[in-house]
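Residue-level structural notes
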Amino acid sequence: MSATYPLPKFHFQVDWGGTKIGFQEVSGLDKEHEMLEYREGSSPEYNKINMPGMVKYTDVVLKRGVFKGDNEFYDWMQQNKLNVAERRDITIALLNEGHEPVVVWRVKNAWPKKIQSTDLKAEGNEVAIETLTIAHEGVEWENLG
């Protein structure tokens, strides 16, 4: 009988429509139902009932190292105009030791909302990291087991 362990979170890739799929960090794969409260006036209970309402999602945040000559985040962001954006579906996959997807998140109709360049520090000893914040219209996920 073999032991079952949870999946490590450090081996993943992001297919976002660019050439580089390696990222340092991904966050914001959240889904939440807003709560609706209701009470009718003739209810014998003197409290409101709670019901699930509309679904809301947080922004997805991608972080990666800065590479010389790599302007793909900026090029995608430049496509944004008033009320118009180049939308893409993004696939984020947690990989097993064979580099195969085990858990997959599909981000629908994503567009770049914010780019944050690296901070600069004269006494630092870290890699330069850029951050892309993505707005979208939903996240679906699948555990392929």
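Numbering of residues starts from 1 in every chain and runs along the sequence as written. Where local features are concerned, this predicted model is filtered to residues with pLDDT of at least 70; where side-chain atom pairs are given and counted, the filter is 80 or more; whole-chain, interface and lining totals use all residues. Values reported for side chains reflect all heavy atoms of the structure, with hydrogen atoms and water molecules removed beforehand.

Next up on the list: a nonpolar patch on the surface. Patch definition: residues with relative accessible area over 30% and no salt bridge; like charges joined within 9 Å; nonpolar side chains (Val, Leu, Ile, Met, Phe, Trp, Tyr) joined within 5 Å. All accessibility values rest on the Shrake-Rupley procedure with a 1.4 Å probe; residue burial counts only the protein chains present in the view. A side-chain nitrogen of Lys or Arg and a carboxyl oxygen of Asp or Glu constitute a salt bridge if their distance falls within 4 Å. A cluster of nonpolar residues, Leu 36, Tyr 38, Ile 49 and Met 51, forms a patch on the protein surface that exposes about 370 Å² of accessible area. A run of DSSP states H or I qualifies as a helix once it reaches four residues; a run of E qualifies as a strand once it reaches two. Both are numbered from the N-terminal end. Turning to its location among the elements, Ile 49 is positioned in strand S4 (residues 49-57).

Residues of the protein with pLDDT of at least 70 account for 98%, and the chain-wide mean is 93. Mean pLDDT values for the elements of the protein range from 91 in helix H1 (residues 72-78) up to 97 in strand S2 (residues 25-27). A score between 0 and 100, pLDDT records how confident the predictor is in each residue.

For the rest of this paragraph, the subject is the environment of Pro 112. One can find Pro 112 in strand S7 (residues 101-116). Summary of the burial criterion: residues with accessible area below 20% of their type's maximum are buried, those above 50% are exposed, and those between are partly exposed, where the area comes from a 1.4 Å probe applied to protein chains only. Take Pro 112: its relative accessible area is 0%, and that puts it in the buried class. Once the C-alpha coordinates of Pro 112 and Lys 68 are considered, the two residues, 44 residues apart in sequence, prove to be 21 Å apart. Once you skip the residues sitting within four places of it in the chain, Pro 112 turns out to touch Trp 76, Met 77, Asn 80, Glu 86, Leu 132 and Thr 133. Residue contacts are defined here by distance: any two heavy atoms, one from each residue, within 4.5 Å place the two residues in contact.

Relative to the helices and strands, Asp 89 is located in strand S6 (residues 88-95). A C-alpha to C-alpha distance of 21 Å links Asp 89 and Glu 130, two positions 41 residues apart in sequence. The contacts of Asp 89, once residues within four sequence positions are left out, are Asp 15, Val 107, Lys 108 and Asn 109. The definition of a polar contact used here is a pair of N or O atoms within 3.5 Å, where within protein one atom must be able to donate a hydrogen and the other to accept one, and adjacent residues in sequence count solely through side-chain atom pairs. A distance of 2.9 Å separates a polar side-chain atom of Asp 89 from the backbone nitrogen of Asn 109.

Moving on: unusual backbone geometry. Most peptide bonds take the trans configuration, and most residues that are not glycine carry a negative phi. The backbone of His 99 sits at a positive phi, close to 65°, despite the residue not being glycine. Relative to the assigned elements, His 99 resides in the loop between S6 and S7. The backbone phi angle of Asn 109 is positive, close to 50°, even though this residue is not glycine. Within the element layout of this structure, Asn 109 appears in strand S7. On the basis of relative accessibility, which here comes to 31%, the residue Asn 109 falls in the partly exposed class.

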